[in-house]
Amino acid sequence: MIELPETPLTPLVLRHAQRLGPKPALVEAGSGRAVAYGELPGEIAAAAGGLARAGHAPGEVVGVVLPNVPEFAVVFDGTLERGGVVTPVNPALTQAEMA
């Protein structure tokens, strides 16, 4: 069994970001496009800020409709940083299935 510390997820994810700097943290398999560890804190902060500017309040749910791309993790962690709740939604679903 893996023991996880009693800490919010995003700080846990970012705890080595500065040390790992230019190394790829998130890689899109199809294109090889990557987001480096050193870029993650700023990307996550930008996502959290965008949610705040859009009027997202802590405790609100954000539906994330994205395939397996680096932006998924960025939006996921940005939502958590805002105190939000993430609901992943399969992008292969039709609009009727999502409703």
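Now for a look at the structure at hand.

Structurally, the position occupied by Thr10 is in helix α1 (residues 9-14). Residue classification places Thr10 among the buried positions, given a relative accessible area of 2%.

The full count for this structure, using the stated rule, is two salt bridges. Of the charged contacts, one joins Arg33 and Glu28 as a salt bridge, the two residues approaching to 2.9 Å between their closest N and O atoms. Among the ionic pairs, Arg33 bridges to Glu71, the shortest N-O distance being 2.8 Å. On the criterion of sequence distance, the pair formed by Arg33 in the loop between β1 (24-27) and β2 (34-36) and Glu71 in helix α4 (residues 70-81) is long-range, its members being 38 residues apart. What you see here is one network of salt bridges that share partners, running through Glu28, Arg33 and Glu71.

So, on to the environment of Ala57. By the element assignment, Ala57 lies in the loop between α3 (40-53) and β3 (61-64). Judged by its relative accessible area of 29%, Ala57 falls in the partly exposed class.

Calculation rules
- Residues numbered from 1 in each chain as written.
- Predicted model: local features only at pLDDT ≥ 70, side-chain atom pairs only at ≥ 80, totals over all residues.
- Heavy atoms only, no water.
- Helix = DSSP H or I, 4+ residues; strand = E, 2+ residues; numbered from the N terminus.
- Buried < 20%, exposed > 50% of the residue type's maximum accessible area, 1.4 Å probe, protein only.
- Salt bridge = Lys/Arg side-chain N within 4 Å of Asp/Glu carboxyl O.

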